[in-house]
Amino acid sequence: MSAREAREEPPSTRERFVPTIPDLRLLRDDSHIGVLLGRIVPGLAPPLLTAVAAAVVVLGLIAADGGQLTGITLFAPAAALLLSGLASGHPHDGRYDWLVPPILRVTEYSYLAVVGLASGVPGPLVFVLLMTVVCHHRDDVARPAVGVSRPVWVRRAALGWDGRMLVIAVGGAFSALTTAYGILAAYLAILLVREAVRTWSATPVTDVGVSAVTQGGDNAAVLGDHPITRRGDGGQPAAGTNGEA
């Protein structure tokens, strides 16, 4: 590589930014319990059918109680977990299995929004919780574009779509629904900010590095933090069963 090419392209840029296709099992955003359920019958439970069944059960139970988190509505997250969790270990290689993550998103968002608003939780608090969950999901979708994904422990710490619904159900069972929404929103926001700051601080400032090479000559070191590599703290490769290497 010539000196001019070295100035135009920092070292290992091509290696760091290699788009990958995210595994649909990663985009499901299952909790640790859901992943364990998927290991009971790996590859046997059809993911699309179970996801649709879980959505129908959750939305049906919500409609039955008018959105109030009482009675049978409390069992909606558990029912959804048992139905869709069994398919978490499936390869998701069916023609329409790409619909599974959107269906699970609709299930979770509908539960959090309808239950919160119908049960008297302040609207702004419901909105904040939904936005933090959306940001976590966007992170899972956006990172494969640069060849990385969120570390497994971060996705597990976010509790998964079913885990978050269970937290809200438990809060409603103890008559502390507003508190549950507040604690969950704060927890997810802190986790999101922590991961964002860690990622930003580990990402090299390309413009500064290129400028340093231009001014210092061909042998000058490229400045900036250490780059995020695929196997470093910046996350595991996007492909793999539930993000596991």
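Since we're looking at a predicted model, the values are computed, not measured.

Trainee: How should I be thinking about helix α10 (residues 160-173) in this particular structure?
Mentor: Every α-helical turn comprises 3.6 residues, leaving residues that sit three or four positions apart pointing alike. Taking 1.5 Å of rise per residue, 14 residues should cover 20 Å, and α10 covers 20 Å from first to last C-alpha, within 8% of that figure. With respect to burial, α10 is a largely interior element, ten of its 14 residues being buried. Buried residues of α10: G160, W161, D162, G163, R164, M165, I168, A169, G171 and G172, and no others. A positive phi of about 55 degrees marks S175, the residue just after α10.

Trainee: Explain the environment of G85 here, please?
Mentor: Within the secondary structure, G85 sits in helix α6 (residues 76-85). In the structure, G85 is positioned 45 residues away from I40 in sequence and 9.9 Å away in space, judged by C-alpha atoms. Setting aside anything within four residues of it in sequence, one finds G85 in contact with R28, G34, L37, G38 and A80.

Trainee: Would you mind going over the confidence of the model for the chain with me for this structure?
Mentor: Note: predicted coordinates in regions of low pLDDT should not be interpreted at a detailed level. Confidence along the chain averages 77 in pLDDT terms, with 71% of residues attaining 70 or more. In the predicted structure, residues 1-15 sits below a pLDDT of 50 and forms twelve contacts with residues beyond four places in sequence or in another chain.

Trainee: Can you help me understand the side chain of R164 in this one?
Mentor: For R164, the position within the fold is in helix α10. The class of R164 is buried, set by a relative accessible area of 1%.

Trainee: When you look at the packing of helix α5 (residues 47-64) against helix α7 (residues 100-118) in this model, what are you seeing that I'm missing?
Mentor: Packed helix pairs are specified by the crossing angle of their axes together with the interaxial distance, meaning the distance between the axes. Look at α5 against α7: their axes get within 9 Å of each other, and the N-to-C directions meet at 15 degrees. On the basis of the axis angle, α5 is roughly parallel to α7. Classified by chirality, the crossing of α7 by α5 is left-handed. Across from P47, L48, A51, V52, A54, A55, V58, L59 and I62 in α5, the residues of α7 making contact are V100, I103, L104, T107, S110, Y111, V114 and V115. Of the residues assigned to the contact of α5 with α7, the class counts are 15 nonpolar, two polar and no charged.

Trainee: How do you make sense of the nonpolar core when you look at a structure like this?
Mentor: It is characteristic of soluble globular proteins that their nonpolar side chains tend to be buried jointly. V58, Y111, L112, V115, L129, I168 and Y181 are the most contacted members of the largest nonpolar core, which has 34 residues in total. Elements with a minimum of two residues in this core: α5, α6, α7, α8 (123-142), α9 (152-157), α10 and α11 (177-202). Beyond its immediate sequence surroundings of up to four residues, L112 is in contact with V126, L129, L130, V133, I168 and Y181.

Trainee: I keep staring at unusual backbone geometry and nothing clicks. Help me out?
Mentor: Residues apart from glycine generally show negative phi values, whereas peptide bonds are mostly found in trans. A positive phi angle, close to 65 degrees, is found at D29, a residue other than glycine. Mapping D29 onto the fold places it in the loop between α3 (24-27) and α4 (32-38). On the basis of relative accessible area, D29 is assigned to the buried category, the value being 4%. A positive phi angle, near 80 degrees, is found at L159, a position not held by glycine. Here L159 is to be found in the loop between α9 and α10. The class for L159 is partly exposed, based on a relative accessible area of 28%.

Trainee: Would you mind going over the pattern of salt bridges with me for this structure?
Mentor: Where charged atoms from two side chains of opposite charge approach closely, those side chains can pair. Under the criterion given, the structure shown has seven salt bridges. Ionic pairing is found between D29 and R164, a salt bridge with its closest N-O pair at 2.5 Å. Residue D29 is found in the loop between α3 and α4, and its partner R164 is found in helix α10; the two are separated by 135 residues along the sequence. Residues E195 and R143 are paired through a salt bridge, measuring 3.2 Å at the closest nitrogen-oxygen approach. Residue E195 is located in helix α11, and its partner R143 is located in the loop between α8 and α9; the two are separated by 52 residues in the primary sequence. The residues E195 and R143 share a single accessibility class, namely buried.

Cut-offs and rules
Residues numbered from 1 in each chain as written. Predicted model: local features only at pLDDT ≥ 70, side-chain atom pairs only at ≥ 80, totals over all residues. Heavy atoms only, no water. Helix = DSSP H or I, 4+ residues; strand = E, 2+ residues; numbered from the N terminus. Expected span 1.5 Å × (residues − 1). Buried < 20%, exposed > 50% of the residue type's maximum accessible area, 1.4 Å probe, protein only. Contact = heavy atoms within 4.5 Å. pLDDT = per-residue confidence, 0-100. Axes fitted to C-alpha atoms, helices over the stretch in contact; angles between N-to-C directions. Parallel < 35°, antiparallel > 145°, perpendicular 65-115°, else oblique. Left-handed = near helix turned anticlockwise from the far one by under 90°. Nonpolar A, V, L, I, M, F, W, Y, C, P; charged D, E, K, R; others polar. Core = buried A, V, L, I, M, F, W, Y, C linked by side-chain atoms within 4.5 Å. Salt bridge = Lys/Arg side-chain N within 4 Å of Asp/Glu carboxyl O.

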